[in-house]
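# Architecture and fold: a report
Given next are the chains, with one letter for each unit.
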Amino acid sequence: MKKQIRNFAVVAGAATAAFALAAGPASAVPSTVWTVNPTPASFTAANSGNVVLSVNGIAMTCTKSNASGTMASATGNPATVASISAIAFGATGAPCTSVLGNVTTVATTPWTVVAQDYTAATGVTKGYVGNVDAKVTVGACVFRVTGKASGTYTNSTGKLAVNSVSGELTVVSSTNCGSAVPVGAKPLFKGDYLVKVAGTSTIPTIVGSNP
């Protein structure tokens, strides 16, 4: 009888361990609640410093860039906390430039702002700008870039700092660009934007929490 009880305990223990292993991954990353304030809200954003797209070492620099869209609270991880409905690069009298000539960029929107991680001590949300899709023209060279770009958002300043890493963005088509911008090239995009609630000086905030 004691042997039977001992054997049952071993089997039950093994079953419990197996269940824990099976259940572990599903509960390891709980859904995250993202609280955007105010929500929903329209926003505008203007660059702070140069915005640069680099392809094969060729820097395409914009001194002016702005964006607009809407933002709202969301649930999930990752979660879309903002939609960029319009984004412009360059302005009248301040075109984007490169060693190959002036640069014109036309974005296909919406792009998204996706939240993945929040640090309460600093008020910084890590994530990425997703659904990036843009046609870039430099002289006779025309190419299209798609993908995403890693970034952070800081509540105290309203700064959306975009700083992509290699492999996030890809040139998916290229015409008259030769070896300068071939299909498959991995551009890098970097730029800081200051975000405000549209028509105000209010800086919106994004706070992540685990229920």
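Residues numbered from 1 in each chain as written. Predicted model: local features only at pLDDT ≥ 70, side-chain atom pairs only at ≥ 80, totals over all residues. Heavy atoms only, no water.

With that settled, the discussion passes to the nonpolar core. Core analysis: the biggest nonpolar cluster contains 48 residues, and Met-60, Phe-89, Trp-111, Phe-143 and Phe-189 have the highest contact counts within it. For this core, the leading source of residues is strand β7 (residues 79-89), giving 6 residues. Discounting chain neighbours no more than four positions away, the residues touching Phe-89 are Val-51, Cys-62, Lys-64, Ser-65, Cys-96, Thr-105, Trp-111, Phe-189 and Tyr-193. (Core = buried A, V, L, I, M, F, W, Y, C linked by side-chain atoms within 4.5 Å. Buried < 20%, exposed > 50% of the residue type's maximum accessible area, 1.4 Å probe, protein only. Helix = DSSP H or I, 4+ residues; strand = E, 2+ residues; numbered from the N terminus. Contact = heavy atoms within 4.5 Å.)

What follows concerns the environment of Asn-77. Here Asn-77 shows up in the loop between β6 (74-75) and β7. Spatially, the C-alpha atom of Asn-77 lies 9.8 Å from that of Gly-208, the residues being 131 residues apart in sequence. A distance of 3.3 Å separates polar atoms of two side chains, one belonging to Asn-77 and the other to Thr-32. (Polar contact = N/O pair within 3.5 Å; in protein donor to acceptor, adjacent residues only side chain to side chain.)

Here the focus is the side chain of Asp-133. With respect to the helices and strands, Asp-133 occurs in strand β10 (residues 124-138). Of note is the side chain of Asp-133, whose polar atom sits 2.7 Å from the side chain of Arg-144. When sequence neighbours within four positions are dropped, the list of residues in contact with Asp-133 reads Val-106, Ala-107, Thr-108, Trp-111, Arg-144, Val-145 and Thr-146.

It is worth spelling out the sheet that holds β6 at this point. With antiparallel pairing, the 3 strands of this open sheet are ordered in space as β6-β1-β15. The two strands at the open ends of the sheet, each matched to only one other strand, are β6 and β15 (205-209). As defined by bridge partners, strand β1 (residues 33-37) adjoins β6 across 2 bridges and the pair is classed as antiparallel. Note on β6: the bridge partner recorded for Val-33 is Thr-75. (Pairing = 2+ DSSP bridges.)

So far we have only geometry, and geometry alone does not tell us how the molecule works.
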